[in-house]
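Structural overview
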Amino acid sequence: MPDLSRRRLLTGAGLAVGAGAAAVAGAGLVRQPEPARPDPAGVVVPFYGPHQAGIATPVQDRLHFAAFDLSTDSREEVVAMLKAWTAAAARMTAAQEIGGGATGTELAPPDDTGEAIGLPASRLTLTVGFGPSFFDKLKLPRPDLLKELPHFPADKLDPARSGGDLCVQACADDPQVAVHAVRNLVRIGFGTASIRWSQLGFGKTSSTTPDAQTPRNLMGFKDGTNNIAGTDGRKLDEHVWVGAEGPEWMRGGSYLVARRIRMHVETWDRSSLKEQEDVFGRTKREGAPYGGAREHDPVVLDKMPVDAHVRLANPAALSGVTILRRGYSFTDGSDGLGRLDAGLFFLAYQRDPEKGFIPIQRALAAKDALNEYIQHVGSGIFACPGGVRPGSFWGETLLA
Ligand SMILES: C=CC1=C(C)c2cc3[nH]c(cc4nc(cc5[nH]c(cc1n2)c(C)c5CCC(=O)O)C(CCC(=O)O)=C4C)c(C)c3C=C
Ligand SMILES: [Fe+2]
């Protein structure tokens, strides 16, 4: 017998589908989340807080990232959708079914699609961002720092995998939980926003937990060694969280750059170990920087080849420029030419893209030895607002 939280109630998520999200908000029917239930397995990441979860949160194993386009220029409809999304997100991240649940009445489609019934929260986080076109479509003032990214040499961006008015980053330790969350947000958004492109990811390629073992990317190298730790409040404040310089709704938020980077793994696999290590300036097995013996030994730039990836991207080479990386590997089948469509879905959070991704990518695009083996094929930039308080909704201070 389902508990009270799973019984059918008249709710925002249910009404948003078909009747339109605006009707939900107007009628004030968005149900607030229930008090958190005991979490013996420690798998619930709190949804509310000064920052959105999913940025400094220890990186989960799986990703489902989705970029959406608005199908309306009505602010009221977008507000209604964001209210319904927020209410659903608060429930899904606590392993609660949304709306009237997955098995409400026989006579209507269930509010919750049901594939997460019985699954733990799996550390699900849902993080929302607004792209530059969101502001243009809704005639809202765009934050000064949210500009379309410049073109970088060798970019081969596919418009069908780039841009988007909004994005949702769903991360969880169980892929079914992440996919369920995005699917249900898509369903709620029907008529207001639709998916433009999406990306599944696995095998996190960046760690934000320095004590944990550093994960490896599909080139076989440890990735995330020199990253900002999610516990390093000073560095997060300096490089990731927007402060008083931003519009109020962005305080405690961050700018997200997403890049779908294809790896030519077949070419890579035919290169010598020496060539592979020279490309990064680190050893393959240990991940030690050239000139050092252990993974976390200090990076000494002039011990590395001049075009080594790490030498070019290290803050010491770029007047201190630092980002928080949160990428995932992907393998999306093959390309019809006998090659895997595999690579890195690169996600980076920063306080200011002009002092983060952009200068690093300019340096890498100009002379990174890695360029022979990769190609940037998708791109997006999004302003992720600060955290959500109980009773508020994603972007409230921007839109309300
Ligand atoms: C614009 C930013 C970056 C892009 C794009 C990027 C792509 C990319 N990186 C790897 C693999 C590794 N990157 C490593 C370090 C590293 N990379 C960036 C930035 C971008 N990478 C930074 C800022 C750093 C840290 C540099 C430092 O401070 O020393 C490493 C080494 C291990 C580590 O520190 O994480 C690897 C390996 C790939 C495969 C890739 C594109 C497909
Ligand atoms: Fe890198």
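As the structure is a prediction and not an experimental result, all values here were calculated from the model.

What follows concerns the overall build of the protein. Check the secondary structure of the protein and you find 11 helices and 9 strands. For the protein, restricting intrachain contacts to residue pairs at least 6 apart in sequence, the fraction spanning at least 24 positions comes to 76%.

What follows is about the site of ligand 1. Taken together, 29 residues are adjacent to ligand 1, and Phe221, Thr225, Asn226, Ala313 and Leu344 come closest. Listing elements by their share of the shell around ligand 1, those giving two or more residues are β5 (254-263), α9 (309-313), β8 (340-350) and α10 (357-367). At 4 residues, the largest contribution of residues to the shell around ligand 1 is made by α10. Class assignment of the residues belonging to the shell around ligand 1 gives a composition of 16 nonpolar, 9 polar and 4 charged.

At a closest axis distance of 10 Å, the pairing of helix α3 (residues 75-92) and helix α5 (residues 175-189) adopts a crossing angle of 155°. The angle between α3 and α5 falls in the class roughly antiparallel. Between α3 and α5 the crossing geometry is right-handed. Two secondary-structure elements touch here, α3 through Met81, Ala84, Trp85, Ala88 and Met92 and α5 through Ala181, Asn184, Leu185, Ile188 and Gly189. Broken down by class, the residue content of the contact of α3 with α5 amounts to 8 nonpolar, 2 polar and no charged.

As a further point, take the UniProt feature "domain: Dyp-type peroxidase C-terminal" (unreviewed entry) in the protein. The feature "domain: Dyp-type peroxidase C-terminal" (unreviewed entry), as given by UniProt, occupies residues 214-388 in the numbering adopted here. As a span, residues 214-388 carries 21% helix and 23% strand, and end to end its C-alpha atoms are 30 Å apart.

On to the UniProt feature "domain: Dyp-type peroxidase N-terminal" (unreviewed entry) in the protein. In this numbering, the UniProt entry assigns the feature "domain: Dyp-type peroxidase N-terminal" (unreviewed entry) to residues 52-202. Taken end to end, residues 52-202 comprises 26% helix and 21% strand; its first and last C-alpha atoms sit 21 Å apart.

Relative to the helices and strands, Ala94 is located in the loop between α3 and β2 (125-130). For Ala94, a count of 20 C-beta atoms within 10 Å translates into the label buried. Each C-alpha atom of the pair Ala94 and Ser122 lies 9.2 Å from the other, and the pair is 28 residues apart in sequence.

Bringing the nonpolar core into the picture now. In terms of nonpolar packing, the biggest core is built from 95 residues, with Trp85, Ala88, Leu124, Ala170, Ala178 and Ala181 touching the most fellow members. Examining the composition of this core, we find that 12 residues originate from one element, α3, more than from any other.

This next bit is on the environment of Asp158. Within the secondary structure layout, Asp158 lies in the loop between α4 (132-138) and β3 (166-172). Take Asp158: there are 11 C-beta atoms within 10 Å of it, and that puts it in the exposed class. Along the primary structure Asp158 and Asp136 are separated by 22 residues, whereas in three dimensions their C-alpha atoms are 22 Å apart. In this view, Asp158 contacts Val377 and Gly378; residues no more than four positions away in its chain are not counted.

What follows deals with the pairing of β2. Of all 6 residues in β2, 6 are buried; the element is thus mostly enclosed. Residue alternation in β2 divides its side chains into two sets, Thr125, Thr127 and Gly129 and Leu126, Val128 and Phe130, and both sets are buried.

Let's shift gears to the pairing of strand β9 (residues 374-384). Most of β9 sits out of view: 9 of its 11 residues are buried. As judged from the 10 bridges shared by β5 and β9, these two strands associate in the antiparallel manner. From the neighbouring strand, Val257 faces β9, where its bridge partner is Ile381.

This next bit is on the confidence of the model for the protein. Of all residues in the protein, 88% have pLDDT values of 70 or greater, and the mean over the chain is 91. Here residues 1-31 scores under 50 on pLDDT; set against residues more than four positions off or in separate chains, the count is 70 contacts. Confidence metrics for the complex model read pTM 0.92 and ipTM 0.99.

A separate point is α10. Because an α-helix completes one turn every 3.6 residues, residues spaced three or four positions apart along the sequence face the same direction. Those residues of α10 that sit buried are Phe357, Ile360, Gln361 and Leu364. Each buried residue of α10 lies within a common arc of 95° when the element is viewed along its axis, so the set occupies one face. Buried-residue contacts for α10 involve β5, α9 and β8.

Next up on the list: the environment of Asn314. In this fold, Asn314 is placed in the loop between α9 and β6 (324-325). In this structure Asn314 comes out as buried when scored by C-beta crowding, with 21 C-beta atoms within 10 Å. Along the chain, Asn314 and Ala342 lie 28 residues apart, while their C-alpha atoms are 25 Å from each other.

In this structure, Ala95 takes a positive phi of about 65° despite not being glycine. Residue Arg123 is not a glycine yet carries a positive backbone phi of 60°. Summarising the element assignment, Arg123 is placed in the loop between α3 and β2.

About the criteria used
- Throughout this document, residue positions are counted from 1 along each chain, in the order its sequence is written.
- Both sets of labels track the order of writing: A upward for chains, 1 upward for ligands.
- Whole-chain, interface and lining totals are the exception, using all residues; otherwise, since this is a predicted model, local features are given only for residues with pLDDT of at least 70 and side-chain atom pairs are given and counted only at 80 or more.
- By the criteria applied, helices consist of DSSP H or I runs no shorter than four residues and strands consist of E runs no shorter than two, each listed in order from the N terminus.
- Once C-beta atoms have been placed from the backbone, residue pairs whose C-beta atoms lie within 7 Å are recorded as contacts.
- Note on definitions: a residue is near a molecule or strand provided its C-beta atom, placed from the backbone, lies within 6 Å of it.
- Put simply, Ala, Val, Leu, Ile, Met, Phe, Trp, Tyr, Cys and Pro go in the nonpolar bin, Asp, Glu, Lys and Arg in the charged bin, and everything else, Gly too, in the polar bin.
- Orientation is described by axes fitted as lines to C-alpha atoms, over the contacting stretch for helices, and by angles from 0 to 180 degrees between their N-to-C directions.
- Throughout this description, any angle smaller than 35 degrees is read as roughly parallel, any larger than 145 degrees as roughly antiparallel, any in the 65 to 115 degree range as roughly perpendicular, and the remainder as oblique.
- Left-handed describes a crossing whose near helix is turned anticlockwise from the far helix by less than a right angle; the clockwise case is right-handed.
- UniProt positions are given in the numbering used here, feature names are shortened, and annotations may be inferred rather than shown by experiment.
- A residue is called partly exposed when the number of other C-beta atoms within 10 Å of its own lies between 12 and 20, exposed at 12 or fewer, and buried at 20 or more, with C-beta atoms placed from the backbone.
- By convention in this section, buried Ala, Val, Leu, Ile, Met, Phe, Trp, Tyr and Cys residues joined through C-beta atoms within 7 Å make up a nonpolar core.
- Should DSSP find at least two bridges between two strands, the strands are regarded as paired.
- Per-residue confidence from the predictor is reported as pLDDT, which spans 0 to 100.
- The arc in question is traced by the directions running from the helix axis to the C-beta atoms.

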